[in-house]
Amino acid sequence: MADEDLKLDHLFADARRDRPTLADDLVVRIQTDAEAIRLERLAPTARPKRGAWTRLFETIGGWQGFGGLVAASAAGVWIGFAAPTFLPDPANLLTAQDTSYLVADLGFDTSFLENTE
């Protein structure tokens, strides 16, 4: 076992002593290619211009944000056309002469607001 370790140590010592060298022209070509690639990566790349709709779409948040915006808009239109009974009718608000609405006019039970002391 020790004899095999000694042979292995001699092989490693020979490998350290007899290092292969590259040809000078090969080293120059490798360094030239590396420099060309480095400069190519440093050069600014031209970004394609994006349209206004694309920028707006990305600002909203992509498909997820656009989907939420559509859902909220649909809910607003639905509430606007089929308003609950306790809200005033939007058509009457536009045509009515008297625009002063009180909480009592909405049909809420406001007895909890009164002081009973």
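Below is a summary of the structure that appears in this document.

About the thresholds
- Residues numbered from 1 in each chain as written.
- Predicted model: local features only at pLDDT ≥ 70, side-chain atom pairs only at ≥ 80, totals over all residues.
- Heavy atoms only, no water.
- Patch = residues over 30% accessible without salt bridge, like charges linked within 9 Å, V, L, I, M, F, W, Y side chains within 5 Å.
- Areas by Shrake-Rupley, 256 points an atom, 1.4 Å probe, with all protein chains shown as cover.
- Salt bridge = Lys/Arg side-chain N within 4 Å of Asp/Glu carboxyl O.
- Helix = DSSP H or I, 4+ residues; strand = E, 2+ residues; numbered from the N terminus.
- Buried < 20%, exposed > 50% of the residue type's maximum accessible area, 1.4 Å probe, protein only.
- Axes fitted to C-alpha atoms, helices over the stretch in contact; angles between N-to-C directions.
- Parallel < 35°, antiparallel > 145°, perpendicular 65-115°, else oblique.
- Contact = heavy atoms within 4.5 Å.
- Nonpolar A, V, L, I, M, F, W, Y, C, P; charged D, E, K, R; others polar.

1. Brief notes about a nonpolar patch on the surface
Part 1 of the reasoning: Together, Trp 53, Leu 56, Ile 60, Trp 63, Phe 66, Leu 69 and Val 70 give the surface a local cluster of nonpolar side chains, amounting to about 790 Å² of exposed area.
Part 2 of the reasoning: Looking at the nonpolar patch, the elements that each hand over two or more residues are helix 3 (52-60) and helix 4 (62-81).
Part 3 of the reasoning: With 4 residues, the single largest contributor to the nonpolar patch is helix 4.
Part 4 of the reasoning: Tracing the sequence through the fold places Trp 53 in helix 3.

2. Brief notes about the pattern of salt bridges
Part 1 of the reasoning: Applying the stated criterion to the full structure yields 3 salt bridges.
Part 2 of the reasoning: With its nearest N and O atoms 2.6 Å apart, the salt bridge here joins Glu 35 to Arg 38. Here Glu 35 and its partner Arg 38 are both found in helix 2 (residues 24-42), 3 residues apart, which amounts to about one turn of the helix.
Part 3 of the reasoning: Judged by its relative accessible area of 35%, Glu 35 is partly exposed.
Part 4 of the reasoning: Exposure remark for Arg 38: the relative accessible area of 42% places this residue in the partly exposed category.

3. Structural notes on the packing of helix 3 against helix 4
Part 1 of the reasoning: Viewed as axis vectors pointing N to C, helix 3 and helix 4 meet at an angle of 80°, and their least axial separation amounts to 6 Å. One element, helix 3, and the other, helix 4, form an angle in the roughly perpendicular class. Where helix 3 abuts helix 4, its residues Phe 57, Glu 58 and Ile 60 lie against Gly 62, Trp 63, Gly 65, Phe 66 and Leu 69.
Part 2 of the reasoning: Here the residues of the contact of helix 3 with helix 4 sort into 5 nonpolar, 2 polar and 1 charged.

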